[in-house]
Amino acid sequence: MDLVAGRHLKVATPPVFETPQQERAHRKAKLAAAFRMFSKAGLDEGVAGHITVRDPEEPDTFWVNPFGMHFSMIKSSDLVRVDEAGEVVEGERAVNGAAVAIHCAVHAARPDVLAAAHAHGPMGKTLSSLEMTIEPLTQDACAFYEDVGVFDDYTGVVVDPEEGKRIGRALGQHKAVILRNHGMLTVGRSVDSAAWWFLTLERTAQSQLTAYAAAAGLGTKPLQIRHSEAEVTRGQVGGELAGWFQFQPIWERISTDHPDIFQ
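None of these values were measured; they are calculated from a predicted model.

Draft legend 1. Layout of the environment of A117. For A117, the location among the structural elements is in strand β7 (residues 115-119). Residue class for A117 comes out buried when judged on its relative accessible area of 0%. Expressed as a C-alpha distance, the spacing of A117 and R234, which sit 117 residues apart in the sequence, is 20 Å. Setting aside its immediate chain neighbours within four residues, A117 contacts F38, H50, I51, H103, M184, L185, T186, A194 and F198.

What follows is the structure, given as structure tokens:
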């Protein structure tokens, strides 16, 4: 909290846990909430899409959504835990082979990453089909300024672990990567930030595509924010804590409206 004019003003901060069991329950509830958010945002398409988070006690294993379960129905107890080889070590349901191939490789490439998110959002996959990256056209877009990799080698549905490794290399140290002709993937040091980056990246793609369509109709072109201002703005809205914080109103709403995520 901040002290202003002699008053203590509350602001959300990342929680601290007394036991790994408490932290596991929290991460799983946040993961279930992220899937509910994806569903509400129209980021569910058949069986496509997955979000993962490391287990706090066994960080080389990851919790993921069961294959074929609708995002809007996922509870903590539905989540499945897999190891680095993609083998199920906890849970009764199968997992998406693409989730294993992509996410296990991304987590292996980025030990700092706790969570990774991927879905077939309509705007993200549309932008991924064009020869462009995310441009600094708006304040929100600056969160990704010079912080998006590109995997430019589409070969079909990702089921080969080697292709997953190439995606991990394309991600590099960025918070997001464009999977050409496929969609987007985002990462974070919490479920909160990874999920928020994906949601705002999808909306940023929509804004950029709309700007270019409007500009073409008007015979002009979108105006990019200058490099120096884009860098400053990225520092203001693109940090890990900023990503975590942006998810908190969503978490408050979903955890209140859908308490079954804790089950």
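Don't stop here, the text continues.
Draft legend 2. Up close: the side chain of K28. By secondary structure assignment, the location of K28 is in helix α1 (residues 20-40). Of the buried charged residues, K28 lacks a salt bridge, with E90 as the closest side chain of opposite charge at 5.1 Å. If we ignore the near neighbours within four places in the chain, the residues touching K28 are W63, S76 and L79.

Draft legend 3. Quick peek at helix α5 (residues 191-218). Taking 1.5 Å of rise per residue, the 28 residues of α5 would be expected to cover 40 Å, and the 41 Å separating its terminal C-alpha atoms lies within 8% of that figure. Residue G219 follows α5 closely and has a positive phi angle near 70°.

Draft legend 4. Spotlight on the side chain of R180. One can find R180 in the loop between β9 (176-179) and β10 (183-188). Reaching out from R180, the side chain makes a polar contact with the backbone oxygen of M132 at a distance of 3.4 Å. Beyond its immediate chain neighbours, meaning those up to four positions away, R180 contacts L127, S128, L130, M132, V150, F151, D152 and Y154.

Draft legend 5. The arrangement of the pattern of salt bridges in detail. Counted according to the given criterion, the structure contains 17 salt bridges. One salt bridge connects D147 with K175, and the closest N-O pair in it is separated by 2.6 Å. Of the two residues, D147 is situated in the loop between α3 (122-128) and β8 (148-151) and K175 in the loop between α4 (161-171) and β9; the sequence distance between them amounts to 28 residues. Here D147 falls in the buried class, since its relative accessible area comes to 15%. Judged by relative accessible area, which is 9%, K175 ranks as buried.

Draft legend 6. Looking closely at the pairing of β7. Most of β7 sits inside the fold, with five of its five residues counted as buried. The alternating pattern of β7 places A115, A117 and A119 on one face and A116 and H118 on the opposite face, and all of these are buried. Where β7 and β10 come together, five bridges link them in antiparallel fashion. Among the inter-strand pairings, H118 is bridged to a residue of β10, identified as L185.

Draft legend 7. Looking closely at the packing of α1 against α5. Two elements in contact, α1 and α5, have axes whose closest approach is 9 Å; the angle formed by their N-to-C orientations is 10°. Viewed along their axes, α1 and α5 adopt a mutual orientation that is roughly parallel. Contacts between α1 and α5 involve R27, K30, L31, A34, M37 and F38 from the first element and V191, D192, A195, F198 and L199 from the second. Taken together, the residues that form the contact of α1 with α5 break down as eight nonpolar, no polar and three charged.

Draft legend 8. Structural detail: the sheet that holds strand β5 (residues 80-82). Overall, mixed pairing links the eight strands, which are arranged β6-β5-β4-β3-β7-β10-β9-β8 in an open sheet. Only two strands of the sheet have a single neighbouring strand rather than two, namely β6 (88-90) and β8. Taking each pair of neighbouring strands and ignoring which way they run, the sheet shows an average axis angle of 25°. Bridge count between β5 and β6: two bridges; the pairing is antiparallel. Looking at the pairing, V82 lines up with V88 of β6.

Reading guide: rules and limits
- Residues numbered from 1 in each chain as written.
- Predicted model: local features only at pLDDT ≥ 70, side-chain atom pairs only at ≥ 80, totals over all residues.
- Heavy atoms only, no water.
- Helix = DSSP H or I, 4+ residues; strand = E, 2+ residues; numbered from the N terminus.
- Buried < 20%, exposed > 50% of the residue type's maximum accessible area, 1.4 Å probe, protein only.
- Contact = heavy atoms within 4.5 Å.
- Lys, Arg positive; Asp, Glu negative; His and termini not counted.
- Salt bridge = Lys/Arg side-chain N within 4 Å of Asp/Glu carboxyl O.
- Expected span 1.5 Å × (residues − 1).
- Polar contact = N/O pair within 3.5 Å; in protein donor to acceptor, adjacent residues only side chain to side chain.
- Pairing = 2+ DSSP bridges.
- Axes fitted to C-alpha atoms, helices over the stretch in contact; angles between N-to-C directions.
- Parallel < 35°, antiparallel > 145°, perpendicular 65-115°, else oblique.
- Nonpolar A, V, L, I, M, F, W, Y, C, P; charged D, E, K, R; others polar.

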